[in-house]
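Residues per chain are reported as follows:
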Amino acid sequence: MIRRRAIVAGDVQGVGFRWGAREAAQRLGVTGWARNRRDGTVEAEVEGEPEQVERMLDWLRAGPPGANVESVTISEAETRGDDDAFRIHETA
């Protein structure tokens, strides 16, 4: 299991990005969360098997229809192993 944090910049708020991320995560079998940030970016943490996490990161790089992803900054995060779903968190 691995966990990655992604900061997604561009036109990514108000286009269903977090909801699309949750649907993609459920389809791919990863856990974690996504939230809007006050600076206009979306932050997400994704945990799962390496191949599944990479596929989810690919989804974040493209986003849902209507999004215009300009950049994605990815960093390692400590695995938690206690998530049982992919959730949408409050804006931070």
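Predicted model only: the values in this text are computed from it and were never measured.

Another aspect to go through is helix H1 (residues 17–28). Between its terminal C-alpha atoms H1 stretches 16 Å, which fits the 16 Å expected from 12 residues at 1.5 Å a residue. By the burial criterion, the buried members of H1 are Phe17, Arg18, Gly20, Ala21, Ala24, Ala25 and Leu28. Axial view of H1: buried residues confined to an arc of 155 degrees, hence all on one face. In H1, the exposed residues that point more than 90 degrees away from the buried face are Glu23, Gln26 and Arg27. Of the surrounding secondary structure, the elements contacted by the buried residues of H1 are strand E1 (2–11), strand E2 (31–36), strand E3 (42–48), helix H2 (50–62), strand E4 (68–77) and strand E5 (86–88). Following H1 by one or two positions, Gly29 has its phi on the positive side, about 80 degrees.

Here we take up the pairing of E2. Counting buried residues along E2, 5 of its 6 residues qualify, which places the element largely inside the surrounding structure. As defined by bridge partners, E2 adjoins E3 across 6 bridges and the pair is classed as antiparallel. Of the residues in E3, the one forming a bridge with Arg35 is Glu43. Between the end of E2 and the start of E3, which pair antiparallel, lie 5 residues, with Gly40 showing a positive phi angle near 95 degrees. Pairing of E2 with E5 involves 3 bridges; the strand directions are parallel. Pairing of Ala34 across the sheet is with Ile88, part of E5.

Looking now at the packing of aromatic side chains. Any aromatic ring pair is given by two values, namely how distant the centres are and how the planes are angled relative to each other. Tallied over the entire structure, the rule returns 1 aromatic pair. Here Phe17 and Trp59 contribute two aromatic rings whose centre-to-centre distance is 5.4 Å and whose plane-to-plane angle is 65 degrees, an arrangement assigned as edge-to-face. With Phe17 in helix H1 and Trp59 in helix H2, this residue pair connects regions lying 42 residues apart in the sequence. The exposure class of Phe17 is buried, given its relative accessible area of 2%.

Reading the values: the criteria
Residues numbered from 1 in each chain as written. Predicted model: local features only at pLDDT ≥ 70, side-chain atom pairs only at ≥ 80, totals over all residues. Heavy atoms only, no water. Helix = DSSP H or I, 4+ residues; strand = E, 2+ residues; numbered from the N terminus. Expected span 1.5 Å × (residues − 1). Buried < 20%, exposed > 50% of the residue type's maximum accessible area, 1.4 Å probe, protein only. Arc of directions from axis to C-beta. Contact = heavy atoms within 4.5 Å. Pairing = 2+ DSSP bridges. Phe/Tyr/Trp six-rings, centres within 6.5 Å; stacked < 30°, edge-to-face > 60°.

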